[in-house]
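Structural description and commentary
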Amino acid sequence: MKVITTKGVVKIYNPDKIPVKALDGVDLEIKEGEFTAIVGPSGSGKTTLLNVIGGLDRPDEGDVEVGGHDIDAMSDNKLIDFRKEHIGFVFQAYNLIPVLTARENVEFVMLLQNRPKKERRERAEELLRAVGLEDKMDKRPSELSGGQQQRVAVARALAPKPDFILADEPTANLDSKSTANLLDIMARLNEEEKITFIFSTHDQRVIDRARRVVTLVDGKVATDEVRG
Amino acid sequence: MLFRLAWRNIWRNKRRTAITAASILFAVFFASFMEAFQKGAWDHLISSVVNYYYGYVQVHQKGYWDEQTIDKAFPLVDSLKQLQEKAPKVQQVLPRIESFALASTGEHTSGVMVVGIDPQVEDAMTKLRSRISDGNYLKVDEEAALVAEGVAENLGLGVGDTIVLISQGYHGVNAAGKYPIKGMVNFGSPELNKQMVYLPLPVAQYFYGANGLVTSLALQIDDQDDIKPTLRALNSQLDTAAYEVMDWKDLLPDLVEAKTLDSAGNIIVYVILYLIIAFGIFGTILMMSKEREYEFGVLISIGMHRWQLGLTVWLEVIMLGLLGAVLGIVAALPVVWHFHLNPIRFSGDYAEAMEKFGFEAIFPTLFEAHIFLTQALLVFILTAILALYPIFKIRKLKPVEAMRA
Ligand SMILES: Nc1ncnc2c1ncn2[C@@H]1O[C@H](COP(=O)(O)OP(=O)(O)OP(=O)(O)O)[C@@H](O)[C@H]1O
Ligand SMILES: [Mg+2]
């Protein structure tokens, strides 16, 4: 099952001044259950690609299909609902709402979905256990380490049972131990729960854990390597 | 939940919250105090001026106030004596017959106003008795006069001397009489001091050839709030074709104008105050919106609608505004109450001038709920409007750009 298909995606920034072709004809297919790293030098278009796939930014040319939906055709409001239901996001840092506890942060999206309280609670606890934070549920982000915060972010991203999770450099601010720990959790979720992960990274240790590595150079897919 | 989120966000940056709440508090406090002081001072001044002579409400024969002549005197029938029955807020009815006369001693002549009064009720409102500087106060129907010091001085008279009065009485009859001066009164106002002569009502009526007639009824009313109901009651129950009922605003238009002018001047002060406050509040809102741009970006990315986010932030500012407004009232209440009970007392030339006119130079604050509520509401509405800014900002926010910073 394909979850993401991009065809000839072009994204140009500053079209009026000095145009920057952040994406220059990207064709990509991501299937369910993948554990894929998007890599490439700084400025190669990794973040832009993830934003376009995640419906946070619109391409100037080409098509993006997510779970069989043409997200280009959606209005801004519809796209917000679509993201809420289908896509989990993990950003580089400051993912969490500082005034909410870990549990409340995980519950937050389900709350926006009007899920019943009991379901929210149970799922939040289950997910926080899955990322190894059963003893930190009532802590606020400021009381958690960077690695713990990213694990909460993963739990939150999983809460609405999305089609896949997009993570833009999720380990960029983490030390090597936290990085390994987060990767372990992501890999386990991928293997055991069949969660699809697409993440960008600079970190060789993270790249080594990926089962598919897509390399971007100047907004183009340079290599696309699937490992056993 | 949005509510809970907003509430917790308030306590997120305690310093900023404290500063914002304090500036709102200060605005409400200062505006309330200013208004209470200004209104209170005017109320006190008006009540001093009004109770000095006129009373808050007067009843005359129709047309008397425009053309003040003894010919427009009217019979003081029992139903008029008992106006309290028609308008229960009236404390006293002061019957008067007033007109002008010539006072003379043979050598000197001087124009005076001769007023017939009921000594007892007159004193209840105007405290005439307390103005006696020499001699004694009048009794109900003795043949005697109370003379203002200026009049006595002009004529070279003292207590025990006789004053001769000549005038044209009711419908042109000759009016003449001589009365022993029983007492001397002192008015701060030079105007009154050189022309007032008081006689007991029946004596004055006899003098003017107007037995049983009066030219005006001054009504003593204690609370300014009772003026309107009294006017309404009297206008509906008296024959308005025969009588005119006027309040102090009709009687003393100059006073009304002075008050209006003063209030207009104060509006500028309020506007400046509100501008300062508005900039202060807006500054913190602006800072907060800027600081949280990244977070707003994340929230919209993960599926929060702009209106939900906007509402949360709006609620946050609104709660802050409410908090500040309530604290402002709480802070202002005891202060205004204190200066209500212990009025600010002026001293110096200004106070002396006022005291010369027989007014105390004190300025009690007006302690009324509506002052605090109005000011708190104004500041609150101001905050609510300023809180629209983040909503506007969030509407245009592009999450990708917000999170690039
Ligand atoms: N909003 C924008 N306005 C202008 N140029 C932009 C914008 N976003 C990205 N770019 C440019 O587009 C190109 C691709 O940027 P992008 O952030 O996708 O790269 P990246 O591979 O994620 O880099 P990094 O590894 O540094 O995160 C860069 O040259 C960047 O400067
Ligand atoms: Mg990037």
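Notes on the structure in this doc start here. Along each chain, residues carry numbers from 1 onward, in the same order as the chain's sequence is written. Chains and ligands are labelled by the order in which they are written, letters from A for the one and numbers from 1 for the other. The predicted nature of this model means local features are confined to residues of pLDDT at least 70 and side-chain atom pairs, given and counted, to a pLDDT of 80 or more, with totals for whole chains, interfaces and linings taken over all residues. Calculated side-chain values reflect all of the structure's heavy atoms, with hydrogen atoms and water omitted.

1. Remarks on the environment of Lys393(B)
All names here are of chain B. Put simply, DSSP H or I for four residues or longer makes a helix, DSSP E for two residues or longer makes a strand, and each gets a number counted from the N terminus. Along the chain, the position of Lys393 falls in helix α16 (residues 388-396). A residue is classified by how much of its surface remains accessible, and Lys393, at 28% relative accessible area, is partly exposed. Considering only alpha carbons, one finds Lys393 and Ser289, 104 residues apart in sequence, at a separation of 7.9 Å. Burial status follows relative accessibility: with a 1.4 Å probe on protein chains alone, a residue under 20% of its type maximum counts as buried, one over 50% as exposed, and anything between as partly exposed.

2. Here's the deal with the environment of Ile97(B)
Residues and elements named next belong to chain B. Turning to its location among the elements, Ile97 is positioned in strand β3 (residues 92-104). Here Ile97 falls in the buried class, since its relative accessible area comes to 0%. Distance in space between the C-alpha atoms of Ile97 and Phe37 is 38 Å, their sequence separation being 60 residues. Once residues lying within four places of it in the same chain are set aside, the contact partners of Ile97 are Ile70, Val114, Val115, Gly116, Leu201, Ala204, Gln205, Tyr208, Ala210, Leu213, Val214 and Thr215. What makes two residues a contact is simply this: any of their non-hydrogen atoms within 4.5 Å.

3. Side note on the layout of surface pockets
Using protein atoms alone on a 1 Å grid, points that fit a 1.4 Å probe yet trap it form a cavity, whereas open point sets bounded by protein on both sides within 12 Å along at least five of seven lines form a pocket; residues with an atom within 4 Å of a point count as lining. Grid points are joined across faces, edges and corners, and a volume is the space filled by probe spheres set on the points. Roughly 1,100 Å³ of internal volume is contained in the largest pocket. If you trace the largest pocket, you find 38 residues lining it, with Tyr13(A), Asn51(A), Asp57(A), Val400(B) and Arg404(B) closest to the centre. Counting only elements with at least two residues in the lining of the largest pocket, the list comes to β1 (2-13), β2 (20-31), α1 (46-53) and α2 (76-86) of chain A together with α17 (399-402) of chain B. Amino acids are sorted into nonpolar (Ala, Val, Leu, Ile, Met, Phe, Trp, Tyr, Cys and Pro), charged (Asp, Glu, Lys and Arg) and polar (every other residue, Gly among them). In terms of residue class, the lining of the largest pocket is made up of 14 nonpolar, eleven polar and 13 charged.

4. Quick word on the pairing of β3(B)
All names here are of chain B. The element β3 is extensively covered by neighbouring structure, given that ten of its 13 residues are classed as buried. As paired elements, β3 and strand β11 (residues 216-220) share five bridges and run antiparallel to each other. Paired with Arg96 across the bridge in β11 is Ser216. When DSSP finds at least two bridges between two strands, those strands are taken to pair. Two strands pair when backbone bridges link them, and β3 and strand β4 (residues 109-117) are joined in this way by nine bridges, in the antiparallel orientation. For Glu98, the partnering residue across the bridge sits in β4 and is Val115. The hairpin formed by β3 and β4 contains four residues between the paired strands, and Gly106 there has a positive phi angle of roughly 100°. Pairing of β3 with strand β7 (residues 162-168), which is carried by three bridges, proceeds in the antiparallel orientation. Across the sheet, Ala103 pairs through a bridge with Leu165, a residue of β7.

5. Brief notes about the interface of chain B and chain A
Frequently, the measure chosen for interface size is the accessible area that the parts lose on association. Residue-level contacts link 20 residues of chain B with 25 residues of chain A. The buried area of a pairing is the accessible area, by a 1.4 Å probe, that goes missing from both parts when the two are put together, added over both. Taken over both partners, the interface formed by chain B and chain A buries close to 2,100 Å², and the fraction arising from carbon and sulfur atoms is 67%. Whenever Lys or Arg places a side-chain nitrogen within 4 Å of a carboxyl oxygen from Asp or Glu, that contact is recorded as a salt bridge. The interface formed by chain B and chain A holds two salt bridges in total. Linking Arg8(B) and Glu104(A) is a salt bridge whose minimum nitrogen-to-oxygen distance equals 2.6 Å. Counting of polar contacts relies on pairs of N or O atoms within 3.5 Å, with two restrictions inside protein: one atom must be capable of donating a hydrogen and the other of accepting it, and residues adjacent in sequence are counted only when both atoms are side-chain atoms. Here chain B and chain A share nine residue pairs in polar contact (both at pLDDT 80 or more) between them. Elements that contribute at least two residues to the side of chain B that touches chain A include exactly α1 (2-10), α12 (293-301) and α13 (306-341) of chain B.

Just distances and angles here, no functional claims.
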